[in-house]
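# Results of the structural survey
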Amino acid sequence: MHSTRTVWGEGLRTIASDGTVLDSWFARIGLGGRADAEDGASADAGTGPFTGEVADDVRGVRIERVSLRADLDAPVSSTPDAYLRLHALSHLLVRPNALNLDGIFTHLPIVAWTSAGPMLPAEVTERRPLLQRHGIQVQGLDRFPRMTDYVLPQGVRIADASRVRLGAHLAPGTTVMHEGFVNFNAGTLGACMVEGRISQGVVVGDGSDIGGGASIMGTLSGGGARRISIGARTLLGANAGVGISLGDDCVVEAGLYLTAGTKVVLADSTPLPEGGRPTVKAAELSGQRGLLFRRHSLTGAVEAVRRTGDGVELNAVLHA
């Protein structure tokens, strides 16, 4: 008896001439158990569209069936296992940070992503004339592919597919504009406008707006472990950034970057006897709702002001 902490998938994997598994695409996927899926291993025979093996002599790869079942609480054990978990995120079967991704980089090889699919980077140069004759171009060198090459989320707009990685979690109603970026194990929990960067491990609540050029600190750079979240109906202004979580109905002024150690003046607090106002580190305000973060136009001090009512309201037609 398998719990919903198990994910199964059935599809195709690409294998290079040296035996390296380059990717796996799961056309069928679900939570729980499935009798014909194998634990942590791949099946080489099947029926329907996944029958047999196909060779691609231009890229020097072969494509074969894969059937797999994985425990979401266990570390990643193989390349198909890693792809299955990334598919589960992008199919909205599991939320970011709600599954074990330990070891994912070990099992994802660096791949030459071409317009015809993945291939070994080491073979691109010798196959260049053949690739050119077939109109095949190299579009990137990375461990992670574009999400839209594997999963097409429903009710979502993505202006530039190269800026959304497989493993991104995009809820219906989300719009990712040309300069928006969403990493794996990150994304939106409702209809959102994304014109900035949503880094690994970050989740954004329903109705929020990540402005153009805005950035949210993730957990990959610098070895950080703190998970940043953005609440509902919250606005991160253009070219702003945060290294703390924001609660519901917050606003960060355009161009303002808040790190955990930023000194913030509580501008609407009762003045102290000497005329000063209490100052705290931004980390002490992490996750609080109803705050406006701004920079004083004369002193340059970063201030936090209490807000009332709801936060931003997205264009309902645009995000329908």
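Residues numbered from 1 in each chain as written. Predicted model: local features only at pLDDT ≥ 70, side-chain atom pairs only at ≥ 80, totals over all residues. Heavy atoms only, no water.

### Quick notes on the pairing of strand S26 (residues 291-295)
Of the pairings in the sheet, the one linking strand S22 (residues 251-252) to S26 comprises two bridges and is parallel in character. When the sheet's bridge partners are listed, Val-252 is paired in S26 with Phe-293. By the bridge criterion, five bridges tie S26 to strand S27 (residues 302-306) in an arrangement that is antiparallel. Of the residues in S27, the one forming a bridge with Arg-295 is Val-302. Two successive antiparallel strands, S26 and S27, enclose a turn made up of six residues, where Gly-300 displays a positive phi of approximately 80 degrees. (Pairing = 2+ DSSP bridges. Helix = DSSP H or I, 4+ residues; strand = E, 2+ residues; numbered from the N terminus.)

### A look at unusual backbone geometry
For residues besides glycine, phi is generally negative; the peptide bonds are generally trans as well. The residue Arg-233 is not glycine, and still its phi comes out positive at about 55 degrees. Structurally, Arg-233 can be placed in the loop between strand S19 (229-230) and strand S20 (235-236). By relative accessible area, Arg-233 is classed as partly exposed at 27%. Despite not being glycine, Asp-249 has its phi angle at roughly 60 degrees, a positive value. Along the polypeptide, Asp-249 turns up in the loop between strand S21 (241-242) and S22. (Buried < 20%, exposed > 50% of the residue type's maximum accessible area, 1.4 Å probe, protein only.)

### Overview of the layout of surface pockets
Reported here for the largest pocket is a volume of approximately 520 Å³. Residue lining of the largest pocket: 27 residues in total, with Trp-113, Pro-145, Arg-146, Asp-149 and Tyr-150 positioned closest to the centre. Broken down by element, the lining of the largest pocket gets its largest block of residues, four residues, from strand S8 (residues 138-142). Of the residues in the lining of the largest pocket, the class split is 12 nonpolar, seven polar and eight charged. (1 Å grid on protein atoms, 1.4 Å probe; cavity = no way out; pocket = protein on both sides within 12 Å on 5 of 7 lines; lining within 4 Å. Points joined across faces, edges and corners; volume = space filled by probe spheres on them. Nonpolar A, V, L, I, M, F, W, Y, C, P; charged D, E, K, R; others polar.)

### A short note on the UniProt feature "binding site: succinyl-CoA" (unreviewed entry) in the protein
UniProt records the feature "binding site: succinyl-CoA" (unreviewed entry) for Arg-197, Gly-212, Ser-215, Ala-238, Glu-253, Ala-254, Gly-261, Lys-281, Arg-294, Arg-295, His-296 and Ser-297 in the present numbering. Along the chain, Gly-212 turns up in the loop between strand S17 (209-210) and strand S18 (215-216). For Gly-212, a relative accessible area of 29% corresponds to the partly exposed category. Excluding residues that lie within four positions of it along the chain, Gly-212 makes contacts with Glu-195, Ala-238 and Asn-239. In this structure Glu-253 touches Ala-240, Phe-293, Arg-294 and Arg-295, once residues within four positions along its chain are discounted. (UniProt positions renumbered as here; feature names shortened; annotations may be inferred. Contact = heavy atoms within 4.5 Å.)

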